[in-house]
Amino acid sequence: MTTSVFKSDKKTFFDPAKVTVFFILGGPGAGKGTQCARLVQDFGFSHLSAGDLLRAEQVREGSEYGELIRTCIREGTIVPSEVTVNLLKNAMAAAIAEDHEGEGWTEGRGRFLIDGFPRKLDQAEMFEVEICPASLILFFDTTEEVMLARLLERGKTSGREDDNVESIKKRFRTYKEQTMPVIELYEKYNKVAQIDSTASIEEVHKHASAAVMKVLAP
Ligand code: C5P
Ligand code: MG
């Protein structure tokens, strides 16, 4: 069973004996979403992208956070933790409920890839103390040059308001200033699997898969 890197006596919302969480980090364009899709095929994870959940909330009718989220995404800044953590908690609960409705609790569905999260230390702490401790960070690492090229390519068809040079520069900066400290903290607890994501999708997937396997079947 996984324990948190943050000290707390509180019981988390999800029981870490039943729910396994992997955090997926790396700069924008590092290949997080692509690799998550492949890991879902292999291991039957539920894949939750924090950015996707925020974009959905941004356009949800009646959301009180629409404007706030839009501004943060365009400026490449981090949305306040409460908003993102709550979206993740609801999405996890929904995925688990869906599973119980059908054939009952199947192995794999209590397993989550939380993609693009935690982007900042306070998000990490809030999630681990209140929701569920994470087993590992899969950290996809490559150069800004590679990430920029991928994002501009994606921007041709993604329709994302932040896949343009100006927003990308800001996102790189946020990543270095706010997200790298999260990775450094988890490294101290040996909870980071760093994977060079410069190589081909297939090659990167091999390494990612091996890192996941180590945790699921030690
Ligand atoms: O992960 P993705 O690139 O889709 O995230 C898009 C934007 O959503 C980020 O640049 C940031 O503004 C916001 N975000 C956030 N906190 C997260 C994930 C995304 O504030 N954990
Ligand atoms: Mg993504």
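None of the values given here were measured: they were computed from a predicted structure. (Residues numbered from 1 in each chain as written. Chains lettered and ligands numbered in written order. Predicted model: local features only at pLDDT ≥ 70, side-chain atom pairs only at ≥ 80, totals over all residues. Heavy atoms only, no water.)

A. Region of interest: the site of ligand 1. Taken together, 16 residues surround ligand 1, and among them R55, T77, V79, G116 and R119 come closest. Here C72 contributes a backbone N or O atom positioned 3.4 Å from an oxygen atom of ligand 1. Take R160: an N or O atom from its side chain is 3.0 Å from an oxygen atom of ligand 1. Considering ligand 1 on its own, with 450 Å² of exposed area, one finds that the protein chains cover 95% of that surface. Put simply, ligand 1 lies in the largest pocket. Elements represented by at least two residues in the shell around ligand 1 include exactly α2 (50–58) and α3 (66–75). Looking at which element gives the most residues to the shell around ligand 1, the answer is α2, with 4 residues. When its residues are assigned to classes, the shell around ligand 1 shows 7 nonpolar, 4 polar and 5 charged. (Near = heavy atom within 4 Å. Polar contact = N/O pair within 3.5 Å; in protein donor to acceptor, adjacent residues only side chain to side chain. Areas by Shrake-Rupley, 256 points an atom, 1.4 Å probe, with all protein chains shown as cover. 1 Å grid on protein atoms, 1.4 Å probe; cavity = no way out; pocket = protein on both sides within 12 Å on 5 of 7 lines; lining within 4 Å. Sits in = over half its atoms within 2 Å of the grid points. Helix = DSSP H or I, 4+ residues; strand = E, 2+ residues; numbered from the N terminus. Nonpolar A, V, L, I, M, F, W, Y, C, P; charged D, E, K, R; others polar.)

B. Here's a closer look at the pattern of salt bridges. Scanning the model with the defined rule gives 16 salt bridges in all. Of the charged contacts, one joins E57 and R60 as a salt bridge, the two residues approaching to 2.9 Å between their closest N and O atoms. Owing to a relative accessible area of 8%, E57 belongs among the buried residues under this scheme. Overall, R60 belongs to the partly exposed group, its relative accessible area being 46%. (Salt bridge = Lys/Arg side-chain N within 4 Å of Asp/Glu carboxyl O. Buried < 20%, exposed > 50% of the residue type's maximum accessible area, 1.4 Å probe, protein only.)

C. Local environment of the sheet that holds strand β4 (residues 136–141). Pairing is parallel in the open sheet, where 5 strands are placed in the order β2-β3-β1-β4-β5. Taken across any chain shown, the strands that pair with only one partner, and hence form the sheet edges, are β2 (46–49) and β5 (192–196). Ignoring which end each strand starts from, the neighbouring axes of this sheet average 20° apart. Where β2 and strand β3 (residues 111–115) come together, 4 bridges link them in parallel fashion. Of the residues in β3, the one forming a bridge with L48 is I114. Of the strands in this sheet, β1 (20–25), β2, β3 and β4 touch helix α1 (residues 32–43), which is tilted by about 175° from β3. (Pairing = 2+ DSSP bridges. Axes fitted to C-alpha atoms, helices over the stretch in contact; angles between N-to-C directions. Contact = heavy atoms within 4.5 Å.)

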